[in-house]
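# Survey of secondary and tertiary structure
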Amino acid sequence: MSFFQSFAWTAISFLLFTALVAIISAWKTRDDKLDTAEGYFLAGRGLPGIVIAGSLLLTNLSAEQLVGLNGQSWKTNMGPIAWEVGSMFTLLVLAYYFLPRYLKMGAMTIPSLMEQRYGRGTKTMFSLVIVVMYSILNLPVILYSGAVVFEQIFDISGMLGTSKFVAVAIICVVIGIIGGCYAIFGGLKAVAVSDTINGIGLLIGGLAIPFLGFAALSTATGGDGILDGIRYMIEADPSKLNAINAWDAPEPEVPWVLIITGMFFNNLYWWCTNQSFVQRALAAKSLKEGQKGAIFCGFLKCLGPLYLVIPGIIAYYLPTIQDQLAAAGDRAIDFAYPALIAEIVPAPIMGFFAAVMFGAILSSFNSVLNSASTMFTLDLYRSSINPKASDVQCVRVGKIYGTIAGCVAIIISPFIMNAGGITTFLNSMSQFVSLPVLCTILGIFLFKRSPKCMPKVITIFHVVCYGAFLLIKPCYPGSDNPIHYLYAMTVLFPVELGIMWWLNKYHPGDVYEVEDIGAVDMTPWKYRHIVSIIGILLAIGVYVLFSPLGIAA
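Below is a short write-up of the structure. The model shown is predicted, which means the values in this text are computed figures rather than measured ones.

How each quantity is defined
- Residues numbered from 1 in each chain as written.
- Predicted model: local features only at pLDDT ≥ 70, side-chain atom pairs only at ≥ 80, totals over all residues.
- Heavy atoms only, no water.
- Patch = residues over 30% accessible without salt bridge, like charges linked within 9 Å, V, L, I, M, F, W, Y side chains within 5 Å.
- Areas by Shrake-Rupley, 256 points an atom, 1.4 Å probe, with all protein chains shown as cover.
- Salt bridge = Lys/Arg side-chain N within 4 Å of Asp/Glu carboxyl O.
- Helix = DSSP H or I, 4+ residues; strand = E, 2+ residues; numbered from the N terminus.
- Phe/Tyr/Trp six-rings, centres within 6.5 Å; stacked < 30°, edge-to-face > 60°.
- Buried < 20%, exposed > 50% of the residue type's maximum accessible area, 1.4 Å probe, protein only.
- Axes fitted to C-alpha atoms, helices over the stretch in contact; angles between N-to-C directions.
- Parallel < 35°, antiparallel > 145°, perpendicular 65-115°, else oblique.
- Left-handed = near helix turned anticlockwise from the far one by under 90°.
- Contact = heavy atoms within 4.5 Å.
- Nonpolar A, V, L, I, M, F, W, Y, C, P; charged D, E, K, R; others polar.
- Core = buried A, V, L, I, M, F, W, Y, C linked by side-chain atoms within 4.5 Å.
- Expected span 1.5 Å × (residues − 1).

Together, Phe89, Ile536, Ile540, Val544 and Leu549 line one region of the surface with nonpolar side chains, adding up to about 430 Å² of accessible area. Ranked by residue count, the leading element in the nonpolar patch is helix α25 (residues 528–545), at 3 residues.

This is the structure we're talking about:
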């Protein structure tokens, strides 16, 4: 065995790429003023469009997506592309509607906007809930899911001669410490720069996977080259390539109706009002750069099916891993992607791919940790605990909180292995806060006379109704399949908008006008319309391709 096929080379190439990202991030932030709140938490409002696009993409991408979406396509069909391609439309809403208003108001956090409009009580309520959710739930799951991916692909427990629990715990510590260093000591800009570099690596490594897979599929089925692998996948079962599912399709399939309703509403929360995502756009040096970042990210999301969905289809057909998947039993849906990677990635580039995967996991962790630190410091500490705190004090508190939250996440994360169904539980839990947050922010912009009690009314109504939906678990007519949870979002969102309109009209509060505080240049990107039209056509084209009108005929 040559040196370039050995584990030593894999380890060296992994460390070299990981170190390169750290060195570039440190160099790019060497002159930044990290002793001010704006410099530390919002990168001094100086992020360009390409950095925003890369950071948005990597913040959204996690090990759960790489394994989960490919696992769903392995089990069902191309339907999971809805989570990727559908994001183009909500990112355009961010660029055209939300971002101009955020930057005009000089927003630093989403809860700070709530305080301006509805008072400190509303901000404190949402801040506390979101910070706790980030710190105790989201961060440990990111660490655990990332550790499981590395354990499954690289057999860390076998290398170290330990149990899987110990291996997962060790990987969680490594990811937690490195990710914490970016978020705690480098601030948002270090996070965003590392995200961009890892994003480039992910596009190179991730986009190589389907082509390596097609080549392996061709070889395993008697073909000759990548095109024969593609041809085999298309001809074997065209319905496997269909992304348009029936209206009553069971989970994890996404019914076509939800693509333009419940999923769109859900994505509005994630891309337009979720702190860990929006914080990147809030740090834009101008409206033009912010719009570039959001729109460019939409294009990157349209490439998502290549590395987040199609590899699952390849795993479904590749003969050489079927015994492994059969042995995995009920866990096969989470083993399909790792098994494919271990089978098709050549040893000489496995280290690079491991570094890219590590960067994606790291990005999700340090992005959420930075956002949690930002919200705790600016929306809880400076607002309620020490209103007179200086910027230096806030930055110090942010670092202390980030350190504590990171340590807590590291301690909790390995034990998730023993808490079956935790990911499903967390996904369901996020829906309890998604629409209340979205409606609260929309209320600032849509209704000038909303009463200050509006967020609390919407939150109580939503929690009661959505909780009842989960408890009752209604089924589709004439079927035993539970109704998809996004149908609840489809119904609740317009109802909650109606409640907001009624409160604004019949129980009005003081008139509120959004003011421009001159935080950044508000000149929009002049090419936004034409580029957005191209993006919309691209998204529609992807859906036509993977439909009965295209290769799924």
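A few words on the packing of aromatic side chains. Scanning the model with the defined rule gives 22 aromatic pairs in all. Plain terms: the ring middles of Tyr97 and Phe98 are 5.3 Å apart, the flat faces sit at 80 degrees to each other, and that makes the pair edge-to-face. Of the residues examined, Tyr97 reaches a relative accessible area of 23% and is grouped as partly exposed. On the accessibility criterion, Phe98 (2% relative accessible area) is buried. A ring pair is formed by Phe265 and Phe493, whose centres lie 4.6 Å apart and whose planes are at 40 degrees; its orientation type is tilted.

Attention now moves to the packing of helix α23 (residues 454–472) against helix α24 (residues 485–506). Packing of α23 against α24 leaves a shortest axis separation of 10 Å and a crossing angle of 155 degrees. Looking at the two axes, α23 sits roughly antiparallel to α24. Two packed elements cross with a definite hand, and for α23 against α24 that hand is right-handed. Here Met454, Val457, Ile458, Phe461, His462, Cys465, Tyr466 and Phe469 of α23 lie close against α24, whose contacting residues are Tyr485, Ala488, Met489, Leu492, Val495, Glu496, Ile499, Met500 and Leu503. Class assignment of the residues belonging to the contact of α23 with α24 gives a composition of 15 nonpolar, 1 polar and 1 charged.

Here the focus is the nonpolar core. Counting 161 residues, the largest nonpolar core has Met78, Ile81, Phe98, Tyr102, Phe150, Met357 and Ile441 as the members making the most contacts within it. What Met357 contacts, discounting residues up to four positions off in sequence, is Leu66, Val149, Phe150, Ile153 and Tyr337.

Moving on, we get to the pattern of salt bridges. The tally for this structure, following the rule as stated, stands at 6 salt bridges. Note that Lys301 and Glu84 form a salt bridge whose closest N and O atoms lie 3.0 Å from each other. Of this pair, Lys301 sits in helix α15 (residues 287–302) while Glu84 sits in helix α5 (residues 82–85), placing them 217 residues apart in sequence. Residue Glu84 is classed as buried on the basis of its relative accessible area of 0%. Between Lys448 and Glu513 there is a salt bridge, with the nearest N and O atoms lying 3.4 Å from each other. With Lys448 in the loop between α22 (422–446) and α23 and Glu513 in the loop between α24 and α25, this pair connects stretches of sequence that are 65 residues apart. Judged by its relative accessible area of 47%, Lys448 falls in the partly exposed class. By relative accessible area, Glu513 is classed as partly exposed at 45%. Taken together, the salt bridges that share partners define one network made up of Glu115, Arg120 and Lys123.

An ideal rise of 1.5 Å per residue puts 22 Å on 16 residues; α15 measures up with 23 Å between its terminal C-alpha atoms. Counted residue by residue, α15 has 13 buried out of 16 residues, so it is predominantly covered.

In this section: the packing of α15 against α25. For the pair α15 and α25, the least separation of the axes is 10 Å and the interaxial angle reads 20 degrees. Taken together, the axis directions place α15 and α25 in an arrangement best described as roughly parallel. Remark: the crossing between α15 and α25 carries left-handed chirality. Here Gln291, Ile295, Phe299 and Cys302 of α15 come into contact with α25, specifically with Arg528, Val531, Ser532, Ile534, Gly535, Leu538, Ala539 and Val542. Looking at the contact of α15 with α25, its residues break down into 8 nonpolar, 3 polar and 1 charged.

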